[in-house]
Amino acid sequence: MGQHQGKTIFITGASTGIGRATALRLATEGASLFLTDIAKDELEKTREKCQSLGSETISLECDVSNEKQISEAISSMAKRFDEINAVINIAGIQLWSHSHEHSLADFEKTLSVNLTGTFLVCREAIPHLLKTSGSIVNVSSTTALAGIPYSVAYAASKAGVLALTKSLAVEYGGKGLQVNCINPGGIKTEMTKMPEIEDPNLKLLLRQSPLNKYSEPESVAGLISYLITEEAQHVNGESIRIDGGALA
Ligand SMILES: NC(=O)c1ccc[n+]([C@@H]2O[C@H](COP(=O)([O-])OP(=O)(O)OC[C@H]3O[C@@H](n4cnc5c(N)ncnc54)[C@H](O)[C@@H]3O)[C@@H](O)[C@H]2O)c1
């Protein structure tokens, strides 16, 4: 029997990369899943794979920055599965540009997906999670902890996710809700392809990955899986780097 047998888990950003790896990992560990993303075709592929691993898996096309869609998605999951045991906020975007050329529209879009989206999902899910003494894992980034060039909005949004996580952990910890975030760095996904900007100083970017190698999204999935186990219940309000020691 898998360690998450009987649990129901809501995941955003489940179409690709870390989100897909996490969904597959939790499916093999027995969880029932409610998967969301805006990339519909890839989302369906993730759902099919999870289902083939024996997990009862529902998927819903859903934009995390859309308040109505998030509210409906969480209600729909609660109706379908009766309860929600864990929520994992993985959806995110990173737009590259020199900071002095970063448009307001791109800055606001990045914050609305990465930070407001995480807030909306947490807000809607918390009443359900309080009934199950459940848990939340938010995906922040090493960019919340150390500067990154050409990604000022992204870094600010991920620092916001870190602060939001700690505040929720303090506010709801006594009521049995556990909230943590992780800070990945250098994971091989679509997001970590080289930025398309003019004249980047690559040395500034390499500062982020001194190990000179990427890790696979499955390594992040393993950490997320641990954080929602009973064994990890005393880990609360924590941010855990998974970056190969880049910021050690
Ligand atoms: N890859 C890394 O090294 C790294 C490092 C630090 C943090 N992260 C974070 O990990 C998370 C997953 O990223 P990834 O590396 O797997 O990249 P990815 O691009 O493969 O995954 C991002 C997912 O978010 C989805 N998404 C984008 N906008 C959305 C929206 N408005 N609503 C719902 N879904 C949306 C995308 O469709 C995609 O499936 C992101 O939050 C990212 O910031 C990744």
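Right above here is the structure, for reference.
Described in the following lines is the structure provided in the data block. (Residues numbered from 1 in each chain as written. Predicted model: local features only at pLDDT ≥ 70, side-chain atom pairs only at ≥ 80, totals over all residues. Heavy atoms only, no water.)

Some remarks on the pairing of strand S4 (residues 86–89)
Here comes step 1: On S4, burial covers both faces: Ala86 and Ile88 on one face and Val87 and Asn89 on the other are all buried.
Here comes step 2: With three bridges connecting them, strand S1 (residues 8–12) and S4 associate as parallel partners. Of the residues in S4, the one forming a bridge with isoleucine 9 is alanine 86.
Here comes step 3: Taking the sense of rotation as the criterion, the β-α-β connection linking S4, helix H4 (residues 104–132) and strand S5 (residues 135–139) turns out right-handed. (Buried < 20%, exposed > 50% of the residue type's maximum accessible area, 1.4 Å probe, protein only. Helix = DSSP H or I, 4+ residues; strand = E, 2+ residues; numbered from the N terminus. Pairing = 2+ DSSP bridges. Right-handed = clockwise from strand over helix to strand, strands pointing away.)

Concerning the sheet that holds strand S7 (residues 239–242)
Here comes step 1: Taken in spatial order, the seven strands line up as S3-S2-S1-S4-S5-S6-S7 in an open sheet, and their pairing is parallel. What marks the edges here is a single partner per strand, and that holds for strand S3 (57–61) and S7. Averaged over all pairs of adjacent strands, the angle between strand axes in this sheet comes to 15 degrees, irrespective of strand direction.
Here comes step 2: Across five bridges, the pairing between S1 and strand S2 (residues 32–37) is parallel. (Axes fitted to C-alpha atoms, helices over the stretch in contact; angles between N-to-C directions.)

So, the site of the ligand
Here comes step 1: In the region of the ligand, 28 residues are neighbours, and Ile18, Asp37, Ile90, Tyr154 and Thr189 sit closest.
Here comes step 2: In the environment of the ligand, an oxygen atom lies 2.6 Å from a nitrogen or oxygen atom belonging to the side chain of aspartate 37.
Here comes step 3: Against a free-state accessible area of 820 Å², the protein chains account for coverage of 92% of the ligand.
Here comes step 4: Judged by the fraction of its atoms near the pocket grid, the ligand is located in the largest pocket.
Here comes step 5: Classifying every residue of the shell around the ligand by side-chain character gives 14 nonpolar, 11 polar and three charged. (Near = heavy atom within 4 Å. Polar contact = N/O pair within 3.5 Å; in protein donor to acceptor, adjacent residues only side chain to side chain. Areas by Shrake-Rupley, 256 points an atom, 1.4 Å probe, with all protein chains shown as cover. 1 Å grid on protein atoms, 1.4 Å probe; cavity = no way out; pocket = protein on both sides within 12 Å on 5 of 7 lines; lining within 4 Å. Sits in = over half its atoms within 2 Å of the grid points. Nonpolar A, V, L, I, M, F, W, Y, C, P; charged D, E, K, R; others polar.)

Concerning unusual backbone geometry
Residues other than glycine predominantly adopt negative phi, and peptide bonds predominantly adopt the trans conformation.
Here comes step 1: We note that aspartate 82 has phi near 75 degrees; this positive angle belongs to a residue other than glycine.
Here comes step 2: With respect to the helices, strands and loops of the structure, aspartate 82 is situated in the loop between helix H3 (67–81) and S4.
Here comes step 3: The phi torsion at aspartate 199 lies on the positive side, around 55 degrees, for a residue other than glycine.
Here comes step 4: For aspartate 199, the location among the structural elements is in the loop between strand S6 (178–184) and helix H6 (202–206).
Here comes step 5: Residue aspartate 199 is classed as exposed on the basis of its relative accessible area, which comes to 67%.

Describing helix H2 (residues 40–52)
Here comes step 1: Here H2 spans 18 Å end to end across 13 residues, near enough to the 18 Å set by a 1.5 Å rise per residue.
Here comes step 2: Looking only at H2, the buried set comprises Leu43, Thr46 and Cys50. Angularly, the buried residues of H2 cover 60 degrees about the axis, an arc narrow enough to put them on a single face. H2 presents Asp41 and Ser52 as exposed residues on the side facing more than 90 degrees away from its buried surface. (Expected span 1.5 Å × (residues − 1). Arc of directions from axis to C-beta.)

Some words on the pattern of salt bridges
Here comes step 1: Inspection of the entire model under this criterion finds 12 salt bridges.
Here comes step 2: The salt bridge involving glutamate 29 is made with arginine 25; its shortest N-O contact spans 2.8 Å.
Here comes step 3: A relative accessible area of 31% means that arginine 25 is categorised as partly exposed.
Here comes step 4: When the shortest N-O distance is used, the salt bridge between aspartate 243 and arginine 241 registers 2.7 Å.
Here comes step 5: Residue aspartate 243 is classed as buried on the basis of its relative accessible area, which comes to 10%.
Here comes step 6: The partly exposed category is assigned to arginine 241, whose relative accessible area is 34%.
Here comes step 7: The network of salt bridges with common partners includes Arg20, Glu42 and Lys45. (Salt bridge = Lys/Arg side-chain N within 4 Å of Asp/Glu carboxyl O.)

Function cannot be read off these values alone, since they describe shape.
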